[in-house]
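# Structural overview for review
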Amino acid sequence: MNPRTDAPPRTRVRRFGRSQRWVHRATAVLMGLCVATAACLYIPQFAELVGRRELVVTVHEWAGLALPVPVLAGLVSRGFRADLGFLNRFGPHDRVWLRAALRRDKRRSARPAGKFNAGQKIYASWIAGASLVMLGTGLLMWFTHLTPIQWRTSATFVHDWLALTLGIVLAGHIGMALGDPEARRGLRTGSVSREWAEREHSLWRP
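On a predicted model such as this, the values are computed, not experimentally measured, just so you know.

Here we take up the nonpolar core. Counting 11 residues, the largest nonpolar core consists of Leu30, Met31, Cys34, Ala63, Leu67, Ile127, Ala130, Met134, Leu162, Leu166 and Leu170. Mapped onto this core, the elements with two or more residues apiece are helix H1 (18–42), helix H7 (118–142) and helix H8 (149–178). When sequence neighbours within four positions are dropped, the list of residues in contact with alanine 63 reads Leu30, Leu33 and Cys34. Of all hydrophobic cores here, the second largest spans five residues; its members include Val13, Val192, Trp196 and Trp204.

Tracing the sequence through the fold places alanine 39 in helix H1. For the pair alanine 39 and alanine 163, spaced 124 residues apart in sequence, the C-alpha to C-alpha distance is 9.7 Å.

Moving on to the pattern of salt bridges. Scanning all chains against the criterion turns up eight salt bridges. In this structure, the salt-bridge partner of glutamate 182 is arginine 12, at a minimum N-O distance of 3.2 Å. With glutamate 182 in helix H9 (residues 181–189) and arginine 12 in strand S1 (residues 12–14), this pair connects stretches of sequence that are 170 residues apart. Residue classification places arginine 12 among the buried residues on the basis of a relative accessible area of 15%. Its salt-bridge partner being aspartate 105, residue arginine 107 comes within 2.8 Å of it at the nearest N-O pair. Using a relative accessible area of 13% as the deciding quantity, one classes aspartate 105 as buried. When salt bridges that share partners are traced, they join Arg108, Glu195, Arg199 and Glu200 into one network.

The next thing to look at is unusual backbone geometry. Among all residues except glycine, the phi angle is most often negative; among peptide bonds, the trans geometry is most common. Of note, the phi angle at arginine 104 is positive, near 60 degrees, even though the residue is not glycine. Mapped onto the secondary structure, arginine 104 falls in the loop between helix H6 (92–102) and H7. Arginine 104 sits in the exposed class, given a relative accessible area of 72%.

For any two helices packed against each other, one specifies the crossing angle of their axes together with the interaxial distance. Helix H5 (residues 78–87) packs onto H1 with a crossing angle of 70 degrees between their chain directions and a minimal axis gap of 7 Å. In terms of their interaxial angle, H1 and H5 are classed as roughly perpendicular. Where H1 crosses over H5, the two elements pack in a sense that is right-handed. Of the residues in H5, those touching H1 at Ser19, Gln20 and Val23 are Gly79, Phe80 and Asp83. In terms of residue class, the contact of H1 with H5 is built from two nonpolar, three polar and one charged.

This part covers the packing of aromatic side chains. With the rule as written, the count across this model stands at four aromatic pairs. Aromatic pair tryptophan 142 and phenylalanine 143: ring centres 5.3 Å apart, planes at 25 degrees, arrangement stacked. Take tryptophan 142: its relative accessible area is 28%, and that puts it in the partly exposed class. For the ring pair phenylalanine 157 and tryptophan 161, a centre distance of 6.5 Å and an interplane angle of 55 degrees mean the geometry is tilted. Remark: tryptophan 161 and phenylalanine 157 occur in helix H8; sequence separation between them is four residues, near one turn of the helix. The exposure classification of phenylalanine 157 matches that of tryptophan 161, with both residues exposed.

Attention now goes to the layout of surface pockets. Size it by volume and the second largest pocket reaches roughly 820 Å³. Looking at the second largest pocket, it is lined by 28 residues, and the ones nearest its centre are Ala38, Tyr42, His60, Met134 and His159. Elements that contribute at least two residues to the lining of the second largest pocket include exactly H1, helix H3 (53–66), H7 and H8. Split into classes, the residues belonging to the lining of the second largest pocket amount to 19 nonpolar, six polar and three charged.

Interhelical geometry of H1 versus H9 gives an angle of 105 degrees and a closest axis separation of 8 Å. It follows from the interaxial angle that H1 and H9 lie roughly perpendicular. Taking contact as the criterion, the partners of Arg21, His24 and Arg25 in H1 are, on H9, Gly186, Leu187, Arg188 and Thr189. Taken together, the residues that form the contact of H1 with H9 break down as one nonpolar, three polar and three charged.

Analysis parameters
- Residues numbered from 1 in each chain as written.
- Predicted model: local features only at pLDDT ≥ 70, side-chain atom pairs only at ≥ 80, totals over all residues.
- Heavy atoms only, no water.
- Core = buried A, V, L, I, M, F, W, Y, C linked by side-chain atoms within 4.5 Å.
- Buried < 20%, exposed > 50% of the residue type's maximum accessible area, 1.4 Å probe, protein only.
- Helix = DSSP H or I, 4+ residues; strand = E, 2+ residues; numbered from the N terminus.
- Contact = heavy atoms within 4.5 Å.
- Salt bridge = Lys/Arg side-chain N within 4 Å of Asp/Glu carboxyl O.
- Axes fitted to C-alpha atoms, helices over the stretch in contact; angles between N-to-C directions.
- Parallel < 35°, antiparallel > 145°, perpendicular 65-115°, else oblique.
- Left-handed = near helix turned anticlockwise from the far one by under 90°.
- Nonpolar A, V, L, I, M, F, W, Y, C, P; charged D, E, K, R; others polar.
- Phe/Tyr/Trp six-rings, centres within 6.5 Å; stacked < 30°, edge-to-face > 60°.
- 1 Å grid on protein atoms, 1.4 Å probe; cavity = no way out; pocket = protein on both sides within 12 Å on 5 of 7 lines; lining within 4 Å.
- Points joined across faces, edges and corners; volume = space filled by probe spheres on them.

Distances and angles like these do not, on their own, reveal function.
Now the structure itself:
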């Protein structure tokens, strides 16, 4: 044990199992590939630096197709399914959390949360829906011979603008993660300090 970074076991609580951490990491890698290759395809300066457009397109397509795989594989884990259940349920405390967030009330007592707060639940739902739309529109753009040109044009419009929105939301997600080292440690090691859990997720009972 490293005494400088690891608290005694009694002061730490288990937040995520191996399956949850694996799904998050694999999804983050695939999403990162999608965003990076999209930037190379749509931003001329990046395209000039990278070149090899066909290779970039291939990586983008296959990373997008593989994006649902980690989540589907994670469904075999009871812990992962339980976390999906937590993310999918909104309670009265979540409405309280959202009202406090809209009022910019940063008092912890005004933002009650279970294992996941209301902001994390909304983000998870939005990113899941956006990813499915991106996958569907991407397939319409890929298999051009299967759909009318009007469908492909509409799919391209939705795909491009949703990609921009997705990039902005992901940047916000990363920014918030950078501002919370203990939350990042929870995803990296699976455990968090009890003090952090009681402060940030007061209704969660590990």
